[in-house]
Amino acid sequence: MYDTLIPLLVLDKIRQGFDGAALYLEQDLLKGPSCIDGCGKCCMVNVPQMTTIEAIYAVSVLTGLGRLGETLSICEDWLLNRSSEAPSYEGMMAGRFVPSFIHAEHEALSRSRCPFLTKDLRCFIHEARPMACRAFGVTVAETKGICPRPLARGETMFSRHIVNCDNLQKDWRLLWKACKEAKAGWVVSGFAPAMILRAGNEPRFRALADSNQIATAKIIGGDLDTNLMWQYQADRLDAGESPDLVVSELKLQ
Ligand code: SF4
Ligand code: SF4
């Protein structure tokens with residue numbers, strides 16, 4: 001219990017840091033909203049990654065909001081849906097070499113519509129969304145040209161305001177350390193619907209995975225290319241560095 005509490009408290013501090021940065025961005029830099037209500041364009045091309053500890057945190061938040069049951073149904077529907085992006089059913093492949101065709105399916109899935117995006121283009125798990133979603137457009141610049149938010153003073157198409165959150169990196173490293181001391185698996189990441197179902201109803205997740213009802217690309221480990229929290233990581237990836245190296249270095253610091 002105590003072991004779980006420390007990582008969750010550190011994660012909540014990081015969450016507050018992102019939310020504070022978003023507020024600063026809107027109030028001091030943009031002088032207006034950082035997101036268009038009911039837009040959802042970025043969520044139509046992104047199924048986010050989430051660590052296990054974030055999923056545990058999300059389950060706790062969603063339980064408090066009375067929305068866990070519905071969220072788990074969304075997760076399960078996504079996992080069981082035979083999506084065209086992920087046609088291979090080779091099992092979980094935990095700890096095994098992942099063949100390139102599964103990597104390609106994982107990549108295609110990561111660019112598909114997030115299952116938590118509602119019909120009215122809002123985030124169903126907004127209060128419990130992954131840190132990667134909180135970082136988007138706040139600590140990590142939007143570089144793909146999909147965001148229709150009007151440019152603020154001092155911004156160009158290629159240079160948008162972001163907030164320097166170097167102070168949060170210290171807390172992020174503290175989180176890895178606390179997780180590794182408590183349970184190393186809590187730093188493992190994967191697609192958010194898989195991680196939330198596993199954290200919220202492990203027996204159900206295991207039953208579906210073990211009976212091979214879930215496409216492999218949906219349940220392989222996700223430290224490939226989307227677990228980005230900081231602009232400097234995005235810059236290094238853009239410069240051609242290995243995603244595994246960029247992400248693992250952060251975890252080892
Ligand atoms: S694309 Fe931009 S405006 Fe639209 S939901 Fe994403 S961050 Fe908000
Ligand atoms: S979790 Fe929410 S914010 Fe993140 S991609 Fe999905 S709908 Fe968008």
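Residues numbered from 1 in each chain as written. Chains lettered and ligands numbered in written order. Predicted model: local features only at pLDDT ≥ 70, side-chain atom pairs only at ≥ 80, totals over all residues.

1. A few points about helix 2 (residues 52–65)
So, point 1. Look at helix 2: 20 Å from first C-alpha to last across 14 residues, which is about the 20 Å you get at 1.5 Å a residue.
So, point 2. Inspection of helix 2 places Thr 52, Ile 53, Glu 54, Ala 55, Ile 56, Tyr 57, Ala 58, Val 59 and Leu 62 among the buried residues, and these make up the whole buried set. (Helix = DSSP H or I, 4+ residues; strand = E, 2+ residues; numbered from the N terminus. Expected span 1.5 Å × (residues − 1). Buried ≥ 20, exposed ≤ 12 C-beta atoms within 10 Å, placed from the backbone.)

2. Here's the deal with unusual backbone geometry
So, point 1. At Leu 121, a position not held by glycine, the phi torsion is positive, near 60 degrees.
So, point 2. With respect to the helices, strands and loops of the structure, Leu 121 is situated in the loop between helix 4 (100–110) and helix 5 (131–135).
So, point 3. Judged by C-beta crowding, with 14 C-beta atoms within 10 Å, Leu 121 ranks as partly exposed.
So, point 4. The phi torsion at Asn 212 lies on the positive side, around 60 degrees, for a residue other than glycine.
So, point 5. Using a count of 12 C-beta atoms within 10 Å as the deciding quantity, one classes Asn 212 as exposed.

3. Details of helix 7 (residues 192–200)
Each α-helix winds once per 3.6 residues, and so residues spaced three or four apart point in a common direction.
So, point 1. Burial runs high along helix 7: 9 of the 9 residues are buried.
So, point 2. Restricting attention to buried positions, one finds in helix 7 the residues Ala 192, Pro 193, Ala 194, Met 195, Ile 196, Leu 197, Arg 198, Ala 199 and Gly 200.
So, point 3. Where helix 7 is buried, its residues meet strand 1 (49–51), helix 2, helix 3 (68–80), strand 2 (189–191), helix 8 (202–210) and helix 9 (216–219). (Contact = placed C-beta atoms within 7 Å.)

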